[in-house]
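Commentary on secondary and tertiary structure
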Amino acid sequence: MPARHGPTEGVLYSYANNPRADLIKISAQYGGFDLKNQELSAQDFSQKFPFGQAAVLDVKNDGVIFDVISIASFVGSDGLRGSKELERSQISQWMNAAELQLYPSACQILYPCWGLMPNNKGLINKAKDNLNSFMGSLNVFLEPRTYLVGESVTLADLTLAMYFRDLYTLVLDEQQRSKYGNVTRWFNTIMNQDEVVRVVGGTPLCEKPAQFDAKIFAQNNPKQKKEAAPKKEQAPKKEPAPKKEEAPKPAEAAPALSKKKPFGNLGPAKLDMDSFKRLYWNESTEAIMKYFDESFVDGEWSVWKCEYKYNNELDILFKTNNLVKGMLQRLETLRKFAFGLMYVFGEDNNLAIGGVWLGRGPDNFFYEDPNWSVDIESYNLTKLDMKKPEDKKFWVDFVSGEMDFWDGKKFQKDHIF
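The residue numbers shown here count from 1 along each chain, following its written sequence. Totals for whole chains, interfaces and linings use all residues, but because this is a predicted model, local features are given only for residues with pLDDT of at least 70 and pairs of side-chain atoms are given and counted only at 80 or more. The side-chain quantities take in all heavy atoms of the structure and omit both hydrogens and water.

Observations regarding the overall build of the chain
The helix count covers DSSP runs of H or I at least four residues long, the strand count covers runs of E at least two residues long, and both are numbered beginning at the N terminus. Scanning the chain from terminus to terminus reveals 16 helices and 10 strands. We call two residues in contact whenever any of their non-hydrogen atoms come within 4.5 Å of each other. Residue pairs at least 24 apart in sequence account for 76% of intrachain contacts in the chain once pairs closer than 6 positions are excluded. Computed with a 1.4 Å probe, the accessible areas rest on the Shrake-Rupley method; for each residue, only the protein chains presented here act as cover. Accessible surface computed for the chain: about 24,500 Å², of which carbon and sulfur atoms make up 50%.

Observations concerning the packing of aromatic side chains
In this analysis, rings of Phe, Tyr and Trp, with Trp reduced to its six-membered ring, are considered paired at centre separations within 6.5 Å, and the interplanar angle assigns stacked below 30 degrees, edge-to-face beyond 60, and tilted for intermediate values. Counting across every chain of the model gives 33 aromatic pairs. With a centroid separation of 6.4 Å and an interplanar angle of 90°, the aromatic rings of Phe-339 and Trp-395 are classed as edge-to-face. Of this pair, Phe-339 sits in strand E6 (residues 338-347) while Trp-395 sits in helix H16 (residues 389-399), placing them 56 residues apart in sequence. In terms of burial, Phe-339 and Trp-395 fall into one category: buried. Relative accessibility thresholds used throughout: buried, under 20% of the residue-type maximum; exposed, over 50%; partly exposed, between the two (1.4 Å probe, protein chains only).

What to know about the sheet that holds strand E9 (residues 405-406)
Between any two strands, at least two bridges found by DSSP are needed for them to pair. Pairing is antiparallel in the open sheet, where 6 strands are placed in the order E8-E5-E7-E6-E10-E9. Each edge of the open sheet is held by one strand with a lone partner, namely strand E8 (379-384) and E9. As judged from the 2 bridges shared by E9 and strand E10 (residues 409-416), these two strands associate in the antiparallel manner. Following the sheet pairing, Phe-405 is matched in E10 by Lys-410. Set on the sheet, helix H12 (residues 273-282) makes contact with strand E5 (301-308), E6, strand E7 (350-360) and E10; between it and E6 the angle comes to about 40°. Packing against the sheet, H16 makes contact with E5, E6, E7, E8 and E9, and its axis sits at approximately 105° to E7. All axes here are fitted lines through C-alpha atoms, helices being fitted over the stretch that makes contact, and every angle between N-to-C directions spans 0 to 180 degrees.

Quick word on the layout of surface pockets
Residues are said to line a cavity or pocket when one of their atoms sits within 4 Å of a point; the points come from a 1 Å grid over protein atoms alone, cavities being sets where a 1.4 Å probe fits but cannot get out and pockets being open sets with protein on both sides within 12 Å along at least five of seven lines. Grid points are joined across faces, edges and corners, and a volume is the space filled by probe spheres set on the points. What the largest pocket holds in volume is close to 790 Å³. Taken together, the elements giving at least two residues each to the lining of the largest pocket come down to helix H5 (85-113), helix H6 (121-142) and helix H13 (285-295). Charged means Asp, Glu, Lys or Arg here, nonpolar means Ala, Val, Leu, Ile, Met, Phe, Trp, Tyr, Cys or Pro, and polar covers whatever is left, Gly included. Partitioned by chemical class, the residues of the lining of the largest pocket number 12 nonpolar, 10 polar and 7 charged. Here the second largest pocket is characterised by a volume of approximately 390 Å³. In this structure, the second largest pocket is lined by 14 residues; those nearest its centre are Lys-126, Asn-130, Lys-410, Phe-411 and Gln-412. Those elements that place two or more of their residues in the lining of the second largest pocket are H6 and E10. Looking at the lining of the second largest pocket, the element that brings in the most residues is H6, giving 6 residues. The residue makeup of the lining of the second largest pocket, split by class, is 4 nonpolar, 4 polar and 6 charged.

Description of helix H3 (residues 68-75)
Among the residues of H3, those classed as buried are Val-68, Ile-71, Ala-72 and Val-75. One face of H3 carries all of its buried residues, which in axial projection span an arc of 95°. Looking at the buried positions of H3, the neighbouring elements they touch are helix H1 (19-31), strand E3 (56-59), strand E4 (63-65), H5 and helix H7 (155-170). Here H3 starts with a cap whose side-chain oxygen sits 3.3 Å from the backbone nitrogen of Ile-69, and that cap is Asp-67. Regarding the arc, it is the one traced by the directions from the helix axis to the C-beta atoms. In the analysis that follows, any N or O atom pair within 3.5 Å is treated as a polar contact, provided that within protein one partner can donate a hydrogen and the other can accept it, and provided that, for residues neighboring in sequence, both atoms belong to side chains.

Let's talk about the environment of Ser-14
Structurally, the position occupied by Ser-14 is in strand E1 (residues 9-14). A residue is classified by how much of its surface remains accessible, and Ser-14, at 5% relative accessible area, is buried. Note: C-alpha distance between Ser-14 and Leu-57 (43 residues apart in sequence) is 9.0 Å.

A word on the sheet that holds E1
Across the sheet, which stays open at both edges, the 4 strands sit in the order E2-E1-E3-E4 with mixed pairing between neighbours. Where the open sheet ends on each side, the last strands, each with one partner, are strand E2 (34-39) and E4. Strand after strand, the sheet turns through a mean of 25° between neighbouring axes, direction not considered. Each of E3 and E4 is contacted by H3, which is oriented at about 45° to E3, the strand it contacts most.

Focus on H6
Spanning 22 residues, H6 covers 31 Å between terminal C-alpha atoms, matching the ideal 32 Å at 1.5 Å per step. Inspection of H6 places Lys-121, Gly-122, Ile-124, Lys-126, Ala-127, Leu-131, Phe-134, Met-135, Leu-138, Asn-139 and Leu-142 among the buried residues, and these make up the whole buried set. On its buried face, H6 sits against H5, H7, helix H9 (181-191), H12, H13 and E10. Helices are assigned an expected span. That span is 1.5 Å times one less than the residue count.

Description of the environment of Phe-345
Residue position: Phe-345 is located in strand E6. The class for Phe-345 is buried, based on a relative accessible area of 0%. When the C-alpha positions of Phe-345 and Gly-408 are compared, they lie 8.9 Å apart, and in sequence the two are 63 residues distant. For Phe-345, the contacting residues outside a window of four places in its chain are Asn-350, Leu-351, Ala-352, Gly-354, Met-403, Asp-404, Phe-405, Trp-406, Lys-409, Lys-410, Phe-411 and Gln-412.

A short note on the confidence of the model for the chain
As a per-residue measure, pLDDT tells how confident the predictor is, with possible values from 0 to 100. Model confidence for the chain is summarised by a mean pLDDT of 83, while 85% of its residues fall at 70 or above. Under a pLDDT of 50 for its full length, residues 1-5 has, in the predicted model, 10 contacts with residues more than four places off or in other chains. Across residues 250-258, where pLDDT falls below 50, the model places 0 contacts with residues more than four positions away in sequence or in other chains.

Some remarks on the pattern of salt bridges
One speaks of a salt bridge when a side-chain nitrogen belonging to Lys or Arg is within 4 Å of a carboxyl oxygen belonging to Asp or Glu. Applying the stated criterion across every chain, the model contains 12 salt bridges. One salt bridge connects Asp-34 with Lys-36, and the closest N-O pair in it is separated by 2.9 Å. What makes Lys-36 partly exposed here is its relative accessible area of 42%. We note a salt bridge from Arg-330 to Asp-375, for which the minimum N-O separation is 2.9 Å. With Arg-330 in helix H14 (residues 317-330) and Asp-375 in helix H15 (residues 373-376), the pair connects residues that are 45 residues apart, well separated along the chain. Arg-330 gets classed as partly exposed once you look at its relative accessible area, which sits at 47%.

If you want it as structure tokens, here you go:
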């Protein structure tokens, strides 16, 4: 190994089981960089490194580097970085693809398995679609190749492989791996490099995919208990004042009109909205639909297709998402009476908002309270018949996160009520 030029030692601050930190440690193995490791809590990180990066290199007497790609390149060897300008650009493109395409999808799939995120099926299904698309393209690219760039291991291989590692050990079982034989061959090649094994050890492949565990999620996200208000000290009793002659009583004011209780004219319902929402966040689509099919009584609840009337006026994606968010915020008092899924589809200047709602009663429940109908005037609502296969499929596709297109426009973002 050629001698390094410049600094040869530093301290890497990170947390346990961080694939980004492992990538840096492996790069240091190739580059002969003396790397000391120090774990920090999230609070320590924010105090010591205000940019909040989860892997930071403190180079002895020379300063700090807080970007994972920059650190891995700095501590690695010339061979990892590429010897020619074209190679260096190709390596950078794969490292960026790992950070911007692979890593976000991997987190959305893995975090619910670790109890770090709710079991948002729509989000997870979209992440799986993105992952499958990425792996399909990578599988074609790797068919004639052993490595991503050139004829030896580079940072391109190490970055992608390390971001794939938890997916291969926890989620991608044999059946899924078989769809991407070239990717799996390449992944095993990288994981068996001596420098990789010295840092992460062996890499056992997944046998049974990990699932969301509601108990682990509850442990990681405990509900805060409300503190009981301090008891007021009882004021000393006052001596009764001498009775005064009673003045004539004024005429009683007319009683104030009591506000109508939403859905007060309906009897108890078999389907319980809290139970339904709990299942949606924590269980499989099969469990959700089993409860729905057993509990839904037409008239006690109703299902509605919802479509924005002015899709042709939508121009910018983030503004369209904000439009939906604002509507759902203004419907806060409706939560115990309704469940809604509102999706944004398409791209800038070719957008659409569509969704589905389950609400209390047989009629359009948004008109049960004047505050709920403010935004809904901008939407067309069509009542769905759960006995009709096409209507039932529309409802199930939304609940399962499989509503990928709306009038030819591709899914972009889900908003859950």
